[in-house]
Amino acid sequence: MNTRHLISKLGKMFPKKIAEDYDHVGLMCSSLKKETNHILLCLDFDWEVFEMVRDMENKPDLIITHHPFIFGTKYQVFKNDEDKKKLCDLMEELAIPIYSIHTNFDSGYRGMNDALSKALGLYNIVSDEYDKTMRVGYLKEPMYILDFARLARDKLNVSYGLLIDEGKTYVQKISIIGGGGARSWKRAKENGSDIFISGDAPHHVRRDIVLNHFNYLDLPHEIEKIFMDQMKTILLEIDKNLTITTIDHEKEPKVI
């Protein structure tokens, strides 16, 4: 299909204007082709993915990542990261563009946090009034917090979670931000949620949650791999004839 038409469709669903101010989204390197028939999806484009792409017989016309391949201006990034510049130069030689849809996907309708909420089986899912990235929804019945934590771990397809259970013993109203949204726990408490799910919580954030007698489930950033399935569904709705390849190459740390 016409590439600019495809990008326009994605842009209407996940406009750059809803990305966070600090973020860098859109075309990362190389130039868009006139036509796109084969798309590769991954969370991060790195050397491991490059080696797979280099060896593909049917190479993609476009790579769409969730996390930005170049986080900043090329001048700023390449000045401090020669390895990134080398990888970008190689992709320019292959003439395969990389396009990143990050916090605009997190906040957008049918994006990251809608997909995660649906995977948890929540209903009456809405965006938080003040934090449009956060989704708030309900379990059909209250659940014992340990049972819910295990359910969330399994439904979001990761092997471990870190639970702070200093709030209610039974939970039903759930808030979630996939990835590194731990610092938004206060908003989840303010909106009346029984537990907040996110990730990447540093020690002082965890202590604040404990001291405020709230429940928090810290799940690995890798729950965001749902990006691939969700984006594949959306792309095939745009054009059912697209060929979509997904690469899920990122591994969680080992629990020892």
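Everything below is about the structure printed above this text.
Here is what the cut-offs are and how they apply
Residues numbered from 1 in each chain as written. Predicted model: local features only at pLDDT ≥ 70, side-chain atom pairs only at ≥ 80, totals over all residues. Heavy atoms only, no water. Phe/Tyr/Trp six-rings, centres within 6.5 Å; stacked < 30°, edge-to-face > 60°. Helix = DSSP H or I, 4+ residues; strand = E, 2+ residues; numbered from the N terminus. Buried < 20%, exposed > 50% of the residue type's maximum accessible area, 1.4 Å probe, protein only. Pairing = 2+ DSSP bridges. Axes fitted to C-alpha atoms, helices over the stretch in contact; angles between N-to-C directions. Contact = heavy atoms within 4.5 Å.

**Q** Quick one: what's the story with the packing of aromatic side chains, residue by residue and with numbers?
**A** The full count for this structure, using the stated rule, is nine aromatic pairs. Ring centres 5.6 Å apart and planes at 85° place the aromatic pair W47 and F50 in the edge-to-face group. Of this pair, W47 and F50 both sit in helix α2 (residues 47-55), three residues apart, roughly one helical turn. Judged by its relative accessible area of 26%, W47 falls in the partly exposed class. Residue F50 is classed as buried on the basis of its relative accessible area, which comes to 6%. Residues Y144 and Y170 carry aromatic rings whose centres are separated by 5.8 Å and whose planes lie at 50° to one another, so their mutual orientation is tilted. A residue pair is termed long-range when its members are at least 10 positions apart, and Y144 in strand β6 (residues 135-144) and Y170 in strand β8 (residues 170-176) qualify at 26 residues.

**Q** Go over the sheet that holds strand β1 (residues 26-29) with me, naming the residues and quoting the values.
**A** Pairing in this open sheet of five strands is mixed, and the strands run β1-β4-β3-β2-β11 from one edge to the other. Only two strands of the sheet have a single neighbouring strand rather than two, namely β1 and β11 (243-247). Across the sheet, the mean angle from the axis of one strand to that of its neighbour is 30°, orientation sign disregarded. Here five bridges tie strand β2 (residues 38-42) to β11, and the two strands are oriented parallel to one another. Within the sheet, the bridge partner assigned to L40 lies in β11 and is T245. Packing of α2 onto the sheet brings it into contact with β2, β3 (62-65) and β11, and relative to β2 it is tilted by some 160°. Packed onto the sheet, helix α10 (residues 226-238) meets β2, β3 and β11 and runs at close to 155° relative to β2.

**Q** A description of the sheet that holds β8 should follow, citing residues and the corresponding values.
**A** Taking strand neighbours across the sheet as the criterion, the six strands line up as β5-β6-β8-β9-β10-β7 in an open arrangement whose pairing is mixed. If you trace the sheet from one side to the other, it starts and ends with β5 (123-127) and β7 (162-165), each paired once. Going from strand to strand, the sheet's axes swing by 25° on average, the running direction of each strand aside. Sheet topology places β5 next to β6; three bridges connect them, and they run antiparallel. From the neighbouring strand, V126 faces β6, where its bridge partner is V136.

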